[in-house]
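# Structural description and commentary
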Amino acid sequence: MAKVESPQVSRRTTRASLNSTPNSKAPQEYSKATNPSRPLTIKDLVFCGESISLDELINSFPGRRAQILELVQFLGPLNSPMIPLFVYGGASTGKTSTVLYMFRHLKRPFIYCSCVSCYSPSILFESILNQILLHRKNESGGYLSAKRCERPSDFVNLLGEALTALIDSLKGNMGKSSPNGSMVYLVFDRLELVREWDKSDSIIPLLFNLYTLLKIPEVGLIFISRASLDTFQSDTGFVEPFPVYFPDYTDDDLKQIFMSNQANPKLYSSFLRSVLSQFYRITRRVDELSTAFSPLFKKYCEPLGDLLAVPNGDMESKLYRHLQPFISLYQNETCTISSQPLLKDRNLRKSVFKKSGVCETLDEIDFHMSTSAKYLLISAFLASRNPATLDASLFDSTGGTDNRKKKRKVSEKSVDQKEAKEQEILMKGPGTFPLERLLAIHQCIASVGEYSLDDEELQNDGLRADGSDSGSMSDILLQLSSLCSANFITKGGSCPLEGSTRYRSIVSEDIVLKVARSLKFPLSKYLYRR
Amino acid sequence: MGVENPAEVAKFIIRSRIADPLFVYSYFSQLPDSNYSKLKYIISSSVTEACNNSVLLLGPRGCGKTAVLELVLEDLLKEHPDMISVVKLNGLLHSDNNCALKEIARQVCMEHQLQFSKMASFDENSKFLLSILRECGLAHKTIVFVLEEFDLFTEGKQRLLYSLLDAMQSVLSQAVVVGVSCRLDADQLLEKRVRSRFSHRKLLFLSSPGEDFHRLAEHILLLPTDSRLPNDFRASFNEKLLNILAGEEFKRVVDQLCYSDSTVSHLLRFLFCAVCHMDLSSGSLSIKNFKSALPSIQRQPKQEALKDCSILQLHLLVCMKRLEVKEVELCNFNSIMKEYKRIRDSFETVDYYARNICLRAFEHLLQRGLVSFQDSRGQGQSAEFRPVKLLISWHELQQGLQSFPSCPTILHKLMAREG
């Protein structure tokens, strides 16, 4: 996930990095020791470092005033019991960071676990128990957790014991001017991922009923999820927690977020004025907008010599005209992160000048594939795309040339019907094929390729496609398995009648066209539909 | 002591009351002829007469079955000390036979200070159970087995239920099995041999109507005499509260609350929200708190998700709706793009976005829960080809479009006509 420019810290930060205040220039000293051999104490469950006031908290999260106040009121003063809380909203709306910063403001002990890093029940249970038992996985212990815990019954028992022990020690500290209270809060993040686990129908009611199962009033539960409560299906239901909703940011909130921490506010605001409204129609997520805006802003500032200049009216329109062709390009890039930025830049300059408006894709594939793998990919694509009955006519002994000696005059209606059927097949997606068909097609086109490549590559003494035998069988199977693991081809279940596994090619036509072009293979001749 | 402190103390007292189910349901114990008294009679009679018994507590979630049971057990433990021991099992955790026996052994060992071995096998645990039942029977001590989420124990072979109920048939044992379930047909789920050993006693817990809420709210919200509270503050708080509770507006709010869900736990969440919003400076609850708590409790997640959509996503939703109206057989991303293209060709005011951008927006719709795949397993197809379905109705979509700020008028037009 891209790092967000705003003071809202990216969701993946750990507690240690959140110890620094968002707006200060000088980095705070981390009180959490990086020394791994130091044992954990109860104080590590609370944020160290300087505290922030409520106003600072509200100012760090523009547009979240109502939600912050509601959360703080819900948690209440020190040691007041609460019913479980369910915080939900779209992605990148600041749920996790708001909750964590709120704990920084309130300075209360809490345990945080995310269902992204704890991707199975046993890991989730053990992570929570480790944090409560103040156990750190280190080399001396063989990186083991404090207790092995796989079953929910063990988890509830161990959790109850650990929590009572922890709360007793917190209460014992109360005399020694420890203003952190004697309540412990458990924060479960990304709860919507639990729905896809194997045992989700028992884990989801278990988590929601945890408060009633534990029967400890000094525990507060906070669930954070991207999906609302009605999407958590359960046969017999569960105890419903109290919902708090985080809506997406409005236009003005987004402006405020992007404007903070900018070196040249006036320049950036003129940039936002021209760009935000167009991107706002597509997406309102902060992470996607920031990935699009950072390179766009660099492009916007290119004609300006001095980055601190304040643009006036003509300057603005000139900058906007310079930016115009790149906007639609970057609209497509709101999610992709290129692996080779330099190569992309160079190619972009070439391709943008070809056509403006709709974004241009690169002409070449930007990863390396061996020639035999390319042929295999093309044959898989053809096998998925064309119905099996046409193989004989397409791949006959003349090398697949268009064999239309007998042309019957077809009526308009049947042509239309045929086109509609072709469209249907296209809509349904790629079909499956057995291994034998793939090998047969591969044999045909590899031999064709050999003929066409022969003349052109005579001078190229280097690695030639091994077209004489189409490679040995084991090579092809190896290539096939590597294509499968690269997710170009998927392996489906076996057909119950035939009993062999079927494959499906899931690459898009663009990539296959590029691959065919690099081999100088006439792909369009073999496609069922032109 | 200024005005702040008593209000904070009051808030704290009420919050702890709401979060404590035993206090809440102690109200019901005062009513005559309630489930509390019936349950108490059943268990106490089997204790005093040294016989076996079994009973099922049924009712929707949040009606206080477990809480009433806890109250009964608490009272009975006070009345007959040393004659009752309690073993609590939960269907969510202990539905597996081995797990359940291990848990029974653990709890019995903890109570009687015996050595508990985690490595004990299933046979050893079951023998232990039988011997414990025999011993307790000889000592005239009743064991109460509480089985929560009873319907989850009826999955599979029901071996635990059979062994428990079968063990109760012997003359020597004294046990009461109390099952708690939210399925009203839990007893129909029992196997024939288990059902024949079950006494078919059922207590139904139904959610109470509106007037009961009134008195329950009074029970929770009226402040007791407490050393931390000054008397005049308490008196004025209670008086203002009684005025509010008797008023028309509060009745209307409670009626609206009970339309969707009239269980006690729903009311408790509502009261908790109202109390959290209590203004500390004024020092008392006002009707405004209750009114503002109502929309926080009654959420409409699909409308909220619609309001958070971007304009492109609204276009995609409208295209899907039109496809649904036309009853197209196959609705996947490709067919939606075709419809989108058709709309773009007929109306020039519709924006044009490339396929990748639309696919991204479509995936966000999937994550939001407004659209979902028709088959839950992938079959290895990518997101563009799998059939999808809309999870919102025409009416909801129209409502969402109308309340959307700056919704393009073209969408309203497209929703209105079907061509």
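Everything here concerns the structure above.
For the structure given in this document, a descriptive report is provided here. Just so we're clear, the structure is a prediction, and the values are computed from it rather than from any experiment.

Secondary structure assignment for chain A yields 19 helices and 8 strands. The burial tally for chain A puts 48% of its 530 residues in the buried class. For chain A, restricting intrachain contacts to residue pairs at least 6 apart in sequence, the fraction spanning at least 24 positions comes to 74%. Total accessible area on chain A stands at roughly 26800 Å², and carbon and sulfur atoms take up 54% of it.

On to the pattern of salt bridges, then. As enumerated under the stated definition, the model contains 27 salt bridges over all chains in all. The salt bridge partner of B:Arg269 is A:Glu240, with a shortest N-O separation of 3.9 Å. In this pair, B:Arg269 sits in helix H14 (residues 264-276) while A:Glu240 sits in the loop between strand S4 (219-225) and strand S5 (242-246), so the two residues belong to two different chains. Each of B:Arg322, B:Lys326, B:Glu339 and B:Arg342 takes part in a single network of salt bridges with overlapping partners.

On the surface, B:Leu184, B:Leu204 and B:Leu206 cluster together into a nonpolar patch covering about 310 Å² of accessible area. Residue placement: B:Leu206 occurs in the loop between strand S5 (201-204) and helix H11 (210-221).

This part takes up the environment of B:Leu216. All names here are of chain B. By the secondary structure assignment, Leu216 is in helix H11. Placed 51 residues apart in sequence, Leu216 and Leu267 show a C-alpha to C-alpha distance of 9.4 Å. Leu216 has contacts with Val24, Tyr27, Val264 and Leu267, leaving out every residue within four places of it along the chain.

Moving on, we come to the environment of A:Val116. Residues and elements named next belong to chain A. Checked against the element boundaries, Val116 lands in the loop between strand S2 (110-114) and helix H4 (121-132). Separated by 297 residues in sequence, Val116 and Lys413 place their C-alpha atoms 55 Å apart. Leave out the neighbours within four places in its chain, and Val116 touches Arg190 and Leu193.

Below, the discussion takes up the sheet that holds S2(A). Residue and element names in this part refer to chain A. Spatially, 5 strands are ordered S2-S3-S4-S1-S5 in an open sheet, and the strand pairing comes out parallel. In this open sheet, the two strands that pair with only one neighbour each are S2 and S5. For this sheet, the mean angle separating the axes of adjacent strands, direction not counted, is 20°. Relative to strand S3 (residues 184-189), S2 runs parallel, the two sharing 5 bridges. The partner of Tyr112 across the bridge, within S3, is Val187. Against the sheet, H4 makes contact with S2 and S3, and its axis sits at roughly 155° relative to S2, the strand it touches most.

Here we take up the sheet that holds strand S4 (residues 175-181) of chain B. Residues and elements named next belong to chain B. Taken in spatial order, the 5 strands of this open sheet run S2-S3-S4-S1-S5, and their pairing is parallel. What marks the edges here is a single partner per strand, and that holds for strand S2 (84-90) and S5. Neighbour-to-neighbour, the strand axes of the sheet open up by a mean angle of 20°, direction not taken into account. Where strand S3 (residues 142-148) lies against S4, 6 bridges are found, and the strand directions are parallel. When the sheet's bridge partners are listed, Leu147 is paired in S4 with Gly179. Sheet contacts for helix H6 (residues 97-112): S2 and S3; angle to S2, the most-contacted strand, approximately 150°.

The next thing to look at is the interface of chain B and chain A. Counting residues at the interface gives 58 residues for chain B and 59 residues for chain A. With both chains or domains summed, chain B and chain A bury close to 5000 Å², and 55% of this area falls on carbon and sulfur atoms. Counting the contacts that link chain B with chain A gives 23 residue pairs in polar contact (both at pLDDT 80 or more). Counted by class, the side of chain B that touches chain A contains 23 nonpolar, 15 polar and 20 charged residues.

About the thresholds
- Residues numbered from 1 in each chain as written.
- Chains lettered and ligands numbered in written order.
- Predicted model: local features only at pLDDT ≥ 70, side-chain atom pairs only at ≥ 80, totals over all residues.
- Heavy atoms only, no water.
- Helix = DSSP H or I, 4+ residues; strand = E, 2+ residues; numbered from the N terminus.
- Buried < 20%, exposed > 50% of the residue type's maximum accessible area, 1.4 Å probe, protein only.
- Contact = heavy atoms within 4.5 Å.
- Areas by Shrake-Rupley, 256 points an atom, 1.4 Å probe, with all protein chains shown as cover.
- Salt bridge = Lys/Arg side-chain N within 4 Å of Asp/Glu carboxyl O.
- Patch = residues over 30% accessible without salt bridge, like charges linked within 9 Å, V, L, I, M, F, W, Y side chains within 5 Å.
- Pairing = 2+ DSSP bridges.
- Axes fitted to C-alpha atoms, helices over the stretch in contact; angles between N-to-C directions.
- Buried area = accessible area lost by both parts, 1.4 Å probe.
- Polar contact = N/O pair within 3.5 Å; in protein donor to acceptor, adjacent residues only side chain to side chain.
- Nonpolar A, V, L, I, M, F, W, Y, C, P; charged D, E, K, R; others polar.

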